[in-house]
Each structure stands twice: as C-alpha cells, then as structure tokens.
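# Coordinate inspection notes
The lines below spell out each chain.
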Amino acid sequence: MTDETRQAGPWDPAFEELLHQTLPRLAARGPLQADASLRAAGLDSLAMVELLVQVEQVYGISIPDENLVADTFATPAQLWDVVSALRAGRSVDAA
C-alpha cells in the first residue's frame, strides 16, 4: 500500500498534528496509521503527560482518571475513541 492509498484515520487533522508534534518518530513514518504503536514511536510517561495535556486543551475535555491507563494511549485509534466519546458527551469504559 502506498502513502497515497492509505486510508486516513477517523480523526481530524488537529489530532494527527498533535500526535506528530508530541512524537516526532511517528511523523517520520508517514501518514498516521490507526494501529500504530505509540509506545514504539516514543511514547513514554513524560510524553504521555504532555499528550494528555495537549489533547485536553485542544478538545476541551478532561479524560477521567480511570481512563488514564496504557491501553488508552496504545494506538491513535484507541486514544481517538476516548477523545471522540468524551467530545460527544458519552461515558468511556475503562480499558
């Protein structure tokens, strides 16, 4: 599959840009893939906190403590699922 034929994720461009800014190694891999490992892209505890703060600020949400687990931050798709649910006013099951 070439870069031109890869399907974009369900997120908006701001989300992809936010991930690329926080995890430069992720940006170096090309277009953001839904199942990309954020940990393999350099997400450590410090980067997780930075990403959390940025996501909450950009989207005007607060991720509940019970969702602050590694599974939430495992892939772009998993993080976006939490973000989009909170933006829509839905509760999020803990991972």
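Keep in mind the model is a prediction, meaning the values are calculated, not measured. (Residues numbered from 1 in each chain as written. Predicted model: local features only at pLDDT ≥ 70, side-chain atom pairs only at ≥ 80, totals over all residues. Heavy atoms only, no water.)

Next up on the list: the overall build of the protein chain. The number of helices and strands found in the protein chain is four helices and zero strands. Listed N to C, the secondary structure of the protein chain is α-α-α-α in terms of helices and strands. Considering the protein chain as a whole, with its 95 residues, one finds that 36% of them fall into the buried category. Of the contacts made within the protein chain by residues no fewer than 6 positions apart, 52% connect residues no fewer than 24 positions apart. Accessible area of the protein chain: about 5,600 Å², with a carbon and sulfur share of 51%. (Helix = DSSP H or I, 4+ residues; strand = E, 2+ residues; numbered from the N terminus. Buried < 20%, exposed > 50% of the residue type's maximum accessible area, 1.4 Å probe, protein only. Contact = heavy atoms within 4.5 Å. Areas by Shrake-Rupley, 256 points an atom, 1.4 Å probe, with all protein chains shown as cover.)

The end-to-end C-alpha distance of helix α3 (residues 45-59), which contains 15 residues, comes to 21 Å, matching closely the 21 Å that a straight helix rising 1.5 Å per residue would cover. Among all positions of α3, only Ala47, Leu51, Leu52, Val55 and Tyr59 are buried. Buried residues along α3 cover an arc of 140 degrees about the axis, so they all sit on one side. Exposed and oriented more than 90 degrees from the buried face of α3 are Leu46 and Gln57. Buried residues along α3 sit against α1 (13-22) and α4 (76-87). You can read the cap of α3 off the contacts: a side-chain oxygen lies 3.2 Å from the backbone nitrogen of Leu46, and it is on Asp44. Downstream of α3 by one or two residues, Gly60 has phi in the positive range, about 60 degrees. (Expected span 1.5 Å × (residues − 1). Arc of directions from axis to C-beta. Polar contact = N/O pair within 3.5 Å; in protein donor to acceptor, adjacent residues only side chain to side chain.)

In this structure the tally under the stated criterion is three aromatic pairs. Judged by centre distance (5.6 Å) and plane angle (75 degrees), the rings of Tyr59 and Trp80 are edge-to-face. Of this pair, Tyr59 sits in helix α3 while Trp80 sits in helix α4, and the two are 21 residues apart along the sequence. Grouped by ring-pair contacts, the aromatic residues Trp11, Phe15, Tyr59 and Trp80 constitute a single cluster. (Phe/Tyr/Trp six-rings, centres within 6.5 Å; stacked < 30°, edge-to-face > 60°.)

Looking at the element boundaries, Thr75 is found in the loop between α3 and α4. Judged by its relative accessible area of 13%, Thr75 falls in the buried class. At 3.1 Å, the side chain of Thr75 and the backbone nitrogen of Gln78 are in polar contact. Apart from residues lying up to four places away in sequence, Thr75 is in contact with Ala34, Asp35, Ala36 and Leu38.

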